[in-house]
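Next come the chains, spelled out residue by residue.
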Amino acid sequence: MSKKYAIGVDYGTQSGRAVLVDLADGTEVADHVTPYPHHVIDEILPVTGKKLDYDWALQHPADYIEVLKRSVPEVIRQSGIDPADVVGVGIDFTACTMLPVNEQGQPLCLLPEYSENPHSWTKLWKHHAAQDEANEINRIAAERGEKWLPRYGGKISSEWMMAKVWQILNEAPEIYEAADQFLEATDWVISQMTGNIVRNSCTAGYKAIWHKADGYPDKEFFKALDPRLENLTTTKLRGDIVPLGTKAGELTAEMAQLTGLIAGTAVAVGNVDAHAAVPAVGVVTPGKLVMAMGTSICHMLLGETEQEVEGMCGVVEDGIIPGYFGYEAGQSAVGDIFEWYVEEAVPAYVKEAAALENVNVHEWLETRAAAYKPGQTGLLALDWWNGNRSVLVDTNLTGLLLGCTLLTKPEEIYRTLLEATAFGTRKIVDAFHGNGVAVDVLYACGGLPQKNRLLMQIYADVTNREIKVAASKQTPALGAAMFGAVAAGADKGGYDSIVEAAEKMARVREDSYLPIPENVAIYELLFQEYSKLHDYFGRGENNVMKHLKAIKEEVTE
Ligand SMILES: Nc1ncnc2c1ncn2[C@@H]1O[C@H](COP(=O)(O)OP(=O)(O)O)[C@@H](O)[C@H]1O
Ligand SMILES: O=C(CO)[C@@H](O)[C@@H](O)COP(=O)(O)O
């Protein structure tokens, strides 16, 4: 029998990437990236040229199809394989990235009668303009004692489906009316590939307050938000919600022509980027925390039971791997804090020295920062440059650097920022571990583990846990391909379960990061100090960060 393959397509914030994977062992045979032609639309709406409000972030749905059109034929061409040997396709997406569609499943923004209204466009995950609606949802849910609220750590985010839908209703009721359904972009792309609209349990669970046993919150809750929302879940969010790995359908003839694949190829239901990465590092059982480390960190964990954990983003049964409760938490800025420092705050002499040595500024700082022992800088920081996503869930918190003297060096500050983000992860690890969801070992994927060894050693020391690193540089896309193989099934050359697919296809690097006992001991002391600052500034004892923000807003108006 000829070799069999699957294709995974990872839809990120700036671009989409297709990866062609050998099903026997997970080898990534070819990959190709298509930057979105319309980029992130966060300043000007293309059709009107009108300025968008602050905090808006939209995307163009045609860009998603462009990725299929350019990147899928390219991986087939590069690999030289017969398209008939591609047994399944899966995708993963940022989330909640959502759009309104009409009865035919067409995005309203592509129809001339609606395209001038920004609310007809795809709202990207980082569209943060629905914060007022999120606040109201949280207030009303808390008042009513909604039992689903603790499943989301006590607060839902402005990034999620209900806040975004409500913003559309409030600001553009005509678009709300015209929408036959609101879909996650991941489900919309699958509908374009197969002709079937099928909602997946991952985005429904984490981003749309859906629960396997209880379904959506009841109508009375939605009525309490706004009487016009009463029937939202049975009308514009209607439809069966199916587990990850389910076959959504088969590639249509039209899509086969566009992609160069064979009509009838199995297509898996949509998935989320961070969640798809979990089986791709071989994690299919509890106790192993997967960190997707880049500009931010998503922390993913499996558990046997549904526990309430302070500040977690959510817990969803079957939300990552069927048969387990999938937990998600996160830090809203990690690499972005290092980027801020490198771009905005290092002295010119550092940039010049790095250029002379032909290394980038991060690498220059890392080498020098690595020469310090834990605690030797005398510095401590709170990693809230972009607020706090877990455990405190407060976007109004800001960063703090403590302990500077006239002798403080840039590399010491850089090391302190690395450490601060590790302490942020430790808070999340402790929150889970202390609430009965074991965290025994860490797995890292994403860009940062490839870029900064010091950072990874600090994370191992601060958490006192081994860290295994993904062998793949395209972990979410590999995971998406694995779900594509599961959609195909073993009799078509794929796999019957994601656990089997992970056994054969997932890989981590041979070398791992182990905690160094003397570093662990010092970091334990520093973490106690971090925790004091964390609670003092984060739990209301000293609201100076919020006061500063309020004064800033007042004088800026
Ligand atoms: N050597 C480095 N050490 C630490 N951080 C780095 C280094 N090089 C780049 N970064 C940070 O990595 C982040 C990008 O990570 P990456 O995983 O590639 O992106 P994304 O999260 O968009 O997928 C940026 O925020 C950047 O500041
Ligand atoms: O929120 C989630 C996952 O739940 C992500 O899709 C979102 O943060 C986007 O992450 P990336 O920027 O793609 O790493």
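Thresholds applied
- Residues numbered from 1 in each chain as written.
- Chains lettered and ligands numbered in written order.
- Predicted model: local features only at pLDDT ≥ 70, side-chain atom pairs only at ≥ 80, totals over all residues.
- Heavy atoms only, no water.
- Phe/Tyr/Trp six-rings, centres within 6.5 Å; stacked < 30°, edge-to-face > 60°.
- Helix = DSSP H or I, 4+ residues; strand = E, 2+ residues; numbered from the N terminus.
- Buried < 20%, exposed > 50% of the residue type's maximum accessible area, 1.4 Å probe, protein only.
- Lys NZ or Arg CZ within 6 Å of the ring centre and 35° of its normal.
- Near = heavy atom within 4 Å.
- Polar contact = N/O pair within 3.5 Å; in protein donor to acceptor, adjacent residues only side chain to side chain.
- Areas by Shrake-Rupley, 256 points an atom, 1.4 Å probe, with all protein chains shown as cover.
- Nonpolar A, V, L, I, M, F, W, Y, C, P; charged D, E, K, R; others polar.
- Pairing = 2+ DSSP bridges.
- Domains from an automatic or database assignment.
- Contact = heavy atoms within 4.5 Å.
- Buried area = accessible area lost by both parts, 1.4 Å probe.
- Salt bridge = Lys/Arg side-chain N within 4 Å of Asp/Glu carboxyl O.

A word on the packing of aromatic side chains. One pass over the structure, following the stated rule, counts 19 aromatic pairs. Between the aromatic rings of Tyr-341 and Tyr-414, the centroid separation amounts to 6.5 Å while the plane-to-plane angle is 35 degrees, which identifies the pairing as tilted. In this pair, Tyr-341 is assigned in helix 10 (residues 335–345) and Tyr-414 in helix 13 (residues 410–434), connecting sequence segments 73 residues apart. Aromatic side chains Tyr-536 and Phe-537 sit 4.9 Å apart centroid to centroid with 70 degrees between the ring planes, which places their arrangement in the edge-to-face category. Residue Tyr-536 is classed as partly exposed on the basis of its relative accessible area of 32%. Taken together through their ring pairs, the aromatic side chains of Trp-148, Tyr-152, Trp-160, Phe-221 and Phe-222 make up a single cluster. Lying across the ring of Tyr-176, Lys-236 places its NZ or CZ 4.9 Å from the centre. Residue placement shows Arg-368 over the ring face of Trp-364; its charged tip is 3.9 Å from the ring centre.

Around ligand 2, the surrounding shell consists of Thr-13, Thr-94, Ala-95, Trp-125, Lys-207, Val-272, Asp-273, His-275, Glu-328 and Arg-389. Here Lys-207 contributes a side-chain N or O atom positioned 2.7 Å from an oxygen atom of ligand 2. Here an oxygen atom of ligand 2 and a side-chain polar atom of Glu-328 are 2.7 Å apart. Its free accessible area being 380 Å², ligand 2 has 83% of it covered by the protein chains. In the shell around ligand 2, the residues fall into three nonpolar, three polar and four charged.

The next thing to look at is unusual backbone geometry. Geometrically, the link from Ala-95 to Cys-96 is a cis peptide bond, its omega value of -5 degrees lying close to zero. In this structure, Cys-96 sits in the loop between strand 5 (86–93) and strand 6 (98–101). Between Ser-390 and the following residue, Val-391, the backbone shows a cis peptide bond with an omega angle of 5 degrees. Relative to the helices and strands, Val-391 resides in the loop between strand 17 (380–382) and strand 18 (400–402). Despite not being glycine, Asp-55 has its phi angle at roughly 80 degrees, a positive value.

Turning our attention to the pairing of strand 6. Side-chain alternation along strand 6 places Met-98 and Pro-100 on one buried face and Leu-99 and Val-101 on a second face that is also buried. Where strand 6 lies against strand 8 (residues 181–184), four bridges are found, and the strand directions are antiparallel. Considered in strand 8, the bridge of Leu-99 is made with Leu-183.

The accessible area lost on association of the parts is a frequent measure of interface size. Taken domain by domain, the chain consists of domain 1 (5–274 + 475–505) and domain 2 (282–471 + 516–557). A C-alpha centroid distance of 28 Å is found between domain 1 and domain 2. Contacts between the two partners involve 22 residues from domain 1 and, on the opposite side, 28 residues from domain 2. Interface area for domain 1 against domain 2, summed over the two sides, is near 2,000 Å², with a carbon-plus-sulfur share of 58%. Three residues, Arg-151, Tyr-206 and Ala-274, lead the burial of domain 1 against domain 2; their summed loss comes to 29% of the area buried on that side. Summed over the shared surface of domain 1 and domain 2, the result is three salt bridges. Salt-bridge contacts for Lys-212 lead to Asp-318; the nearest nitrogen and oxygen are separated by 2.8 Å. If you look at where domain 1 meets domain 2, you find six residue pairs in polar contact (both at pLDDT 80 or more). Counting only elements with at least two residues in the side of domain 1 that touches domain 2, the list comes to helix 6 (201–207), helix 16 (475–488) and helix 17 (498–505). The dominant element in the side of domain 1 that touches domain 2, judged by the number of residues it contributes, is helix 6, at five residues. Considering only residue class, the side of domain 1 that touches domain 2 consists of 12 nonpolar, five polar and five charged.

The next subject is the pattern of salt bridges. In total, this model carries 25 salt bridges according to the counting rule given. A salt bridge links Lys-147 to Asp-214; its shortest N-O distance comes to 3.2 Å. In this pair, Lys-147 sits in the loop between helix 2 (131–144) and helix 3 (161–171) while Asp-214 sits in the loop between helix 6 and helix 7 (219–225), placing the two residues 67 residues apart along the sequence. When its relative accessible area of 59% is taken as the criterion, Lys-147 is described as exposed. The partly exposed category is assigned to Asp-214, whose relative accessible area is 39%.

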